[in-house]
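# Chains, contacts and geometry: an overview
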Amino acid sequence: MKRLYVAGGQQAGLRPLMADTDTWYSYQKGIILEVDPSTQSVATKLEYVSPPEACAPNDPILFKSGSLKGNTLYICTQTEVILYDVPSFTQKGYVSISCFNDVHHVAPSSRDTLLVANSGLETVLELSYSGDVINEWNVLGEDTWSNFSKNIDYRHGVNTKPHRSHPNYVFQLGDDVWATRFHQKDALCVTDPSKRIEIGGERIHDGVLYNDRLYFTMVNGKIIVANPETLQVEETIDLTSMHPSDVLLGWCRSLYFEGSNVWVGFSRIRPTKFRENIGWLAHGMRRVLPTHIACYDLQARKCLMEIDLEKYGLNAVFGIYPV
């Protein structure tokens, strides 16, 4: 098995008891770990804190989803896009613009531009590497700036929740740009909104094209397989069936394929004390696993390995990439 980079964030502490569902927690830094599955050893490669000009004091800071292309890791915080050379992790590019709010994913496009899921303003952005906005697509088909003001710096403590769509991942099929829509439980082609993949079920994340199939994660531990030609769901892989029934895997997000095996990230479900009291009823007294990554053999339908990451300071997983 290849060594892996795992990106996410370190928790700073619980939010107040009655915080709304989107603001339970605060994160104090972005972290990237290097994991060697053969020895299950873990080393910290990078710790990152956003500069004051890119966020408000006490705003959560963590790495969200990114992309690895060649020796460049494209990754984002909630208000920044950062390019790192790997394996040195020397910063080689940086973009932070005033409309960034709850950024969830960045990927290089086939046009040598940046595609950004800007969840807070319900948009997908195409940017130059210097930060110029080339295209802006509203995933609800609305005029973004009739709902928001261009005179506000959305990086500095502006809460736009509750989100109505929450685009959280971008990908391309040919020249078309797509985004997963968390609340609509689908994937939408933003360059041609007549194209759509209806997924349903629980809320989704990711949109990884591998061996002529698209793979999405559901937050409840399922992988959805769709045909990029027919735009139809063909299969649902239930990862929870590969574990004891008394286990709660966690918030499922991030995929990396290695042959017929796939690595999947799980972030511990960390309810407030109030939610913990009612959560045990909903979860049927299941054991809540720590934040971890797990490797699955999709042909044999079994879990091959789990690696706990909390002991290394990672409390939320957003991306898994090969070293």
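Look above for the structure.
Quick summary incoming for the structure in this document. (Residues numbered from 1 in each chain as written. Predicted model: local features only at pLDDT ≥ 70, side-chain atom pairs only at ≥ 80, totals over all residues. Heavy atoms only, no water.)

## Thoughts on the pattern of salt bridges
Where we set the bar: By salt bridge we mean one thing: a side-chain nitrogen of Lys or Arg within 4 Å of a carboxyl oxygen of Asp or Glu. The secondary structure listing takes helices from DSSP runs of H or I that are at least 4 residues long and strands from runs of E that are at least 2 residues long, numbered from the N terminus. Per-residue accessibility, obtained with a 1.4 Å probe over protein chains only, is compared with the maximum for each type, and a residue is labelled buried under 20%, exposed over 50%, and partly exposed between these values.
For the structure shown, the criterion picks out 15 salt bridges. Residue glutamate 34 is joined to arginine 3 by a salt bridge in which the shortest nitrogen-to-oxygen separation is 2.4 Å. Within this pair, whereas glutamate 34 is found in strand 2 (residues 25-36), its partner arginine 3 is found in the segment before strand 1 (4-14), the two being separated by 31 residues in sequence. On the basis of relative accessibility, which here comes to 38%, the residue arginine 3 falls in the partly exposed class. A salt bridge links aspartate 102 to lysine 64; the shortest N-O distance between them is 3.2 Å. Of the two residues, aspartate 102 is situated in the loop between strand 7 (90-95) and strand 8 (103-108) and lysine 64 in the loop between strand 3 (41-48) and strand 4 (67-69); the sequence distance between them amounts to 38 residues. When sorted by exposure, aspartate 102 lands in the same class as lysine 64, which is buried. The network of salt bridges with shared partners includes Arg181, Asp186, Arg196 and Glu198.

## A closer look at the side chain of threonine 123
Cut-off, in case you're wondering: Between two residues, a contact is recorded if the distance between any of their heavy atoms is within 4.5 Å.
Tracing the chain through its elements places threonine 123 in strand 10 (residues 123-127). With a relative accessible area of 2%, threonine 123 lands in the buried category. Once residues lying within four places of it in the same chain are set aside, the contact partners of threonine 123 are Val116, Ala117, Asn118, Glu136, Trp137, Asn138, Thr144 and Pro167.

## Brief notes about the sheet that holds strand 14 (residues 186-189)
Where strands meet in a sheet, backbone hydrogen bonds hold them as pairs that are either parallel or antiparallel. We apply this condition: When DSSP finds two or more bridges between two strands, those strands count as paired. Comment: axis = line fitted to C-alpha atoms, over the contacting stretch for helices; angle = value between 0 and 180 degrees taken between N-to-C directions.
Within the open sheet, the four strands sit side by side as 12-13-14-15. Their pairing is antiparallel. If you trace the sheet from one side to the other, it starts and ends with strand 12 (167-173) and strand 15 (196-198), each paired once. Taking the axes of each pair of neighbouring strands and ignoring which way they run, one obtains an average angle of 20 degrees across the sheet. Pairing analysis gives four bridges linking strand 13 (residues 176-181) to strand 14, with the strands arranged antiparallel. Each residue of the ladder has a partner; that of tryptophan 178, found in strand 14, is cysteine 189.

## Thoughts on the pairing of strand 6 (residues 81-85)
Burial analysis of strand 6 places five of its five residues in the buried class, the great majority of the element. One ladder, built from five bridges, connects strand 5 (residues 72-76) with strand 6; its direction is antiparallel. Paired with tyrosine 74 across the bridge in strand 6 is leucine 83. The antiparallel pairing of strand 5 with strand 6 creates a hairpin that spans four residues between the two strands. Taken together, strand 6 and the strand that follows it, strand 7, pair antiparallel across an intervening segment of four residues, in which phenylalanine 89 is found at a positive phi of about 55 degrees.

## Here's the deal with the side chain of aspartate 102
In plain terms, the rule: Distance and chemistry together define a polar contact, namely a pair of N or O atoms within 3.5 Å, with one atom able to donate a hydrogen and the other to accept it when in protein, and with adjacent residues in sequence counting only for side-chain atoms on both sides.
Its relative accessible area of 8% is what places aspartate 102 among the buried residues. For aspartate 102, the side chain forms a polar contact with the side chain of lysine 64, separated by 3.2 Å. Aside from chain neighbours lying at most four places away, what touches aspartate 102 is Lys64, Gln78, Ala117, Asn118, Ser119, Gly120, Lys161, His163 and His166.

## Some remarks on the nonpolar core
Under the convention used in this document: By convention a nonpolar core is built from buried Ala, Val, Leu, Ile, Met, Phe, Trp, Tyr and Cys residues, the set being connected through side-chain atoms within 4.5 Å.
Core analysis: the largest hydrophobic core is formed by 20 residues, its most contacted members being Ile223, Leu239, Leu255, Val262, Val264, Phe266 and Tyr296. Excluding residues that lie within four positions of it along the chain, isoleucine 223 makes contacts with Tyr215, Phe216, Glu235, Thr236, Ile237, Leu239, Leu255, Val262 and Val264. Counting 17 residues, the second largest nonpolar core, distinct from the first, contains Cys76, Val81, Val103 and Leu114.

## Observations regarding the state of the cysteines
How we decide: A pair of sulfur atoms, both from cysteines and within 2.5 Å, is called a disulfide here.
If you walk through the whole model with that rule in mind, you get zero disulfides. A disulfide-free cysteine, cysteine 295 has its sulfur positioned 7.6 Å from the sulfur of cysteine 303, the nearest such atom.

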